[in-house]
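Observations on the three-dimensional arrangement
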Amino acid sequence: MVIHFVRHGESLANEQNLFAGRQDTPLTELGLRQARQAGDRVAALGIRHDEVHVSPLDRARRTADVIVDRIGGRPELVVSDALVERDFGVFTAQNKSLVKKSIGFRAYTEYFHSSTGCPPGGESWRLLHDRIRRYYEQVLLPRSRAGKNILVVAHKYVVEVFAVVVAGLAEEDYHDLKVPNARPVSEADLRRIAHNSAKTSAVHDFGEIVEIRLPVLVAGGAVLGAAAQLALHVPVPPAVFTTALVALLGVSTFFGMLRLHSGVLRGYGPSIRKALPLTGLRVGVGLAIAWFFAGEPASALGLFLLLPPALLTPALSLLWGGDYFASVRQTVTASLVLPVVVLAAAWFPHRLPGLGTAAAGYLAVLGGAMVLPAIAAQALRRGNPIRAGQLSTNWTWVGGAALIPLAAVATFALTPADGVHPADLLPAVAIVLATQLALRTIAVAYLRKRDLPAGEARDLFITQCTPNIFLWFTFAGALGHGGALLAPVAAFGFFAAMPADEFVFVRRHRKLLRAAMARSVPPIATPARA
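Residue indices follow the written sequence of each chain, beginning from 1 at its first position. In keeping with the model being predicted, local features are shown solely for residues with a pLDDT of at least 70 and side-chain atom pairs are shown and tallied solely at 80 or more, while totals for entire chains, interfaces and linings include all residues. With hydrogens and water set aside, each side-chain value is computed from the structure's full complement of heavy atoms.

Observations regarding the nonpolar core
Let me state the cut-off plainly: Only buried residues count toward a nonpolar core, which is a set of Ala, Val, Leu, Ile, Met, Phe, Trp, Tyr and Cys residues joined through side-chain atoms within 4.5 Å. Remark: exposure states derive from per-residue accessible area (1.4 Å probe, protein chains only) relative to the maximum for the residue type, with buried under 20%, exposed over 50%, and partly exposed in between. Helix and strand definitions follow DSSP, with helices as H or I runs of at least four residues and strands as E runs of at least two, each counted in order from the N terminus. Any pair of residues with heavy atoms lying within 4.5 Å of one another is described as a contacting pair.
Grouped together as the largest cluster of nonpolar side chains are 72 residues, with contacts concentrated most on Phe-470, Trp-472, Phe-473 and Phe-495. Ranked by the residues each element gives to this core, the list is headed by helix α21 (residues 480–519), at nine residues. Each residue touching Phe-495, except ones within four places of it in the same chain, is listed here: Pro-215, Val-218, Ala-219, Ala-222, Ala-407, Ala-410 and Phe-470. Val-78, Phe-112, Trp-125 and Val-179 belong to the second largest nonpolar core, which has 44 residues in total.

The structure is reproduced here in structure tokens:
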């Protein structure tokens, strides 16, 4: 008889990029649809399952309930503590990306994906392996050999260790298997996944390193782009620049929007009201500058202040321990309204020279790099939720990696091909530095006056200090020589601000994490009982 294994559907902790461990966390809207799709896939096998073995945690129980509803019949439900998720100790409820950035790739791999590893205060890999091996050999195998078809609904690390046990893999050969949410797998599938892990681990490790070092890599791309232009003196036609911008930004947007679901936007009012004073101040100052200096290079600063948050701000929220939902609500709402304000400011009271060409590029970036990828991502979420979850969880680093060549392309294309005299750059550098500093100073001062949850406060800082500069690039050519000089400096300032902001967040988190690790207690073995 057969045994099938399913990791639970996407949970709220998965969506917010948190280590859940043994904490209860409900399924998301995508997680419920993944569970239904998993049930349909199990039903399509044409196998009557006699028993469903499930972890006691809510996300696994709910997934199992949905699957049973889809497959019909009355399988016996066996709830076992032996199938509970690994205890992550001090890392429980922590942001995954901040943990990786705080302790580094090697320590992260040792704690989570090494047969000798143990999260401080948590369950060691060997203890986890022992309880899963015993459950497989003492509970599942005897019942399967007695003629029962069994479905196991559990968690990422539980299913991965089942794969190691079923495949007979040596403990030291274990790698992170990246088992996706809600995809039903047989014992034969687990053997294949385990034996192929050595081939895929290099790619996954590369993705982890990209995630950990992303802001620095993006800033490095910006430096290389500007340096290459200064050395090669190759002008980039606006159409070529726009095409490259749309393609690379579209990849980033697609992966970022895979996590977004319409339910997040419900109840957006409180999030918008919290951001409204800062956004209103910025828009008011931006309109005043754009109109007072209409047609002059200084108007570029006004248009810059009118920009909505970059669509990568929710991804930055996930990387830097934000609330995520507040970031999504503020970014989506502003992205629906402020692009129209930018176009209006460029048209009235004085029409910006070359506005037709600039507006065409602006709309191309808005539609091709933002709207269409977002629609494609949402279509995949609805059409194949398991695949969408796998991409957003295991391959979202691809969207981040697209920012590296994007930064290089932007600074290469925007840096004047005929070279730049250092004296000419000083006003632009002063304006960009002053603007970046002002945005951050005002945001911090505002947040100190408001009693906001830490995650929401971080999201508000990110959305206010990370404008969608990719839209603004399309106006650079219409702003004369001064605007053309301002564009590459602003681009470099935008990309350089990312590692600077991250440094502050990671340093703060590392300090708290080290204190928690110092207070951690040795792990306690978990009994394996049916």
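From this point, things continue past the structure.
Regarding a nonpolar patch on the surface
Selection criterion: A residue counts toward a patch only above 30% relative accessible area and without a salt bridge, and it is joined to like-charged neighbours within 9 Å or, for Val, Leu, Ile, Met, Phe, Trp and Tyr, to nonpolar neighbours within 5 Å. A 1.4 Å probe and the Shrake-Rupley method give the accessible areas. Residues count as covered only by the protein chains that appear here. Every case where a carboxyl oxygen of Asp or Glu lies within 4 Å of a side-chain nitrogen of Lys or Arg is listed as a salt bridge.
On the surface, Leu-281, Val-285 and Ile-442 cluster together into a nonpolar patch covering about 230 Å² of accessible area. Take Val-285: it is sitting in helix α10 (residues 268–292). Residue Val-285 is classed as partly exposed on the basis of its relative accessible area, which comes to 36%.

Quick look at the pattern of salt bridges
All chains considered together, the criterion is met by 21 salt bridges. Here Arg-33 ties to Glu-29 by a salt bridge, and the two come within 2.3 Å at their closest N and O atoms. With a gap of four residues between them, Arg-33 and Glu-29 both fall in helix α2 (residues 29–44), about one helical turn apart. We note a salt bridge from Asp-189 to Arg-192, for which the minimum N-O separation is 3.8 Å. A residue pair is termed a helical-turn pair when its members lie 3 or 4 positions apart in one helix, as Asp-189 and Arg-192 do in helix α8 (residues 187–232) at three residues. Classification of Asp-189 by relative accessible area gives partly exposed; the value is 25%. Taken together, the salt bridges that share partners define one network made up of Lys-100, Lys-156, Glu-160, Asp-176, Lys-178, Glu-208 and Glu-211.

Quick notes on the packing of helix α12 (residues 313–320) against helix α13 (residues 325–347)
Rules: The axes used here are C-alpha line fits, helices contributing only the stretch in contact, and every angle between their N-to-C directions lies in the interval 0 to 180 degrees. For classification purposes, an angle smaller than 35 degrees is called roughly parallel, one larger than 145 roughly antiparallel, one from 65 to 115 roughly perpendicular, and anything else oblique. Crossings are assigned a handedness: left-handed for a near helix turned anticlockwise from the far helix by less than a right angle, right-handed for a clockwise turn. The nonpolar class holds Ala, Val, Leu, Ile, Met, Phe, Trp, Tyr, Cys and Pro. Asp, Glu, Lys and Arg form the charged class, and all remaining residues, Gly among them, are polar.
Viewed as axis vectors pointing N to C, α12 and α13 meet at an angle of 165°, and their least axial separation amounts to 8 Å. By the angle between their directions, the pair α12 and α13 is classed as roughly antiparallel. Note on packing geometry: the crossing formed by α12 with α13 is right-handed. Here Thr-313, Pro-314 and Ser-317 of α12 come into contact with α13, specifically with Ser-327, Val-328 and Thr-331. Its residues assigned to classes, the contact of α12 with α13 comprises two nonpolar, four polar and no charged.

Focus: the confidence of the model for the chain
We apply this condition: Per-residue confidence from the predictor is given as pLDDT, running between 0 and 100.
Looking at the chain, pLDDT values average 90 and 94% of them are 70 or higher. Note on residues 524–530: pLDDT is under 50 here. Beyond four places in sequence and across chains, it has 20 contacts.

Some thoughts on the side chain of Ser-186
With respect to the secondary-structure elements, Ser-186 resides in strand β5 (residues 185–186). Owing to a relative accessible area of 17%, Ser-186 belongs among the buried residues under this scheme. Not counting residues within four places of it along the chain, the set of residues in contact with Ser-186 comprises Ile-3 and His-4.

Some words on unusual backbone geometry
Its identity is not glycine, yet Asn-17 carries a phi of approximately 65°, on the positive side. Given the relative accessible area of 10%, Asn-17 is considered buried. At Tyr-324, a residue that is not glycine, the phi angle is positive and equals roughly 75°.

Some words on helix α6 (residues 125–145)
The condition is simple: To estimate how far a helix should reach, multiply one less than its number of residues by 1.5 Å. What is called the bend at a residue is the angle between a pair of axes, fitted to the seven residues leading up to and ending at it and to the seven starting from it.
Between its first and last C-alpha atoms α6 spans 28 Å; for 21 residues at 1.5 Å apiece the expected length is 30 Å, and the two agree. Maximal helix bending in α6 amounts to about 35°, located at Tyr-136. Along α6, the residues that are buried comprise Trp-125, Leu-128, His-129, Arg-131, Ile-132, Tyr-135, Tyr-136, Val-139, Leu-140, Leu-141 and Ser-144. Its buried side turned inward, α6 meets β1 (3–7), β2 (51–54), β3 (76–79), β4 (150–154), α7 (156–167) and α8. Once α6 finishes, Gly-147 follows within two positions and takes phi at roughly 105°, a positive value.

Points about the environment of Asn-384
Inspection of the secondary structure assignment puts Asn-384 in the loop between α14 (355–383) and α15 (385–394). Taking relative accessible area as the criterion, Asn-384 reaches 24% and is therefore assigned partly exposed. Here the alpha-carbon distance between Asn-384 and Met-370, two residues 14 residues apart in the chain, equals 21 Å. Apart from the residues lying within four places of it in its own chain, the contact partners of Asn-384 are Gln-37 and Arg-41.

Some details on the environment of His-49
Structurally, His-49 can be placed in the loop between α2 and β2. Residue classification places His-49 among the buried residues on the basis of a relative accessible area of 4%. Remark: the alpha-carbon pair of His-49 and Val-164, spanning 115 residues in sequence, is separated by 23 Å. The residues contacting His-49, other than those within four sequence positions of it, are His-4, Val-42, Pro-75, Asn-149, Ile-150 and Leu-151.

Brief notes about the sheet that holds β2
Rules: Here, strands pair whenever DSSP counts at least two bridges between them.
Reading across from one edge, β3-β2-β4-β1-β5 is the order of the five strands in this open sheet, with mixed pairing throughout. Looking along the sheet, the strands with just one partner apiece sit at the ends: β3 and β5. Pairing of β2 with β4, which is carried by four bridges, proceeds in the parallel orientation. Residue pairing for β4: Val-54 is matched across the bridge by Val-153. The strands touched by α7 are β1 and β4; relative to β1, the strand with the most contacts, the crossing angle is about 145°.

Notes on empty space enclosed by the protein
Where we set the bar: With a 1 Å grid laid over protein atoms only, a set of points is called a cavity when a 1.4 Å probe fits there but cannot get out and a pocket when it is open yet has protein on both sides within 12 Å along at least five of seven lines; lining residues have an atom within 4 Å of a point. Grid points are joined across faces, edges and corners, and a volume is the space filled by probe spheres set on the points.
Counting across every chain of the model gives six cavities of 30 Å³ or more. For the second largest cavity, the calculated volume is near 90 Å³. Every residue along the wall of the second largest cavity is listed here: Leu-301, Phe-304, Ile-431, Val-432, Thr-435, Gln-436, Ile-469, Trp-472, Leu-486, Ala-490 and Phe-494. For the lining of the second largest cavity, the secondary-structure elements that each account for two or more residues are α11 (299–305), α18 (422–449), α20 (469–473) and α21. With four residues, α18 is the largest single contributor of residues to the lining of the second largest cavity. For the lining of the second largest cavity, the class distribution of residues is nine nonpolar, two polar and no charged.

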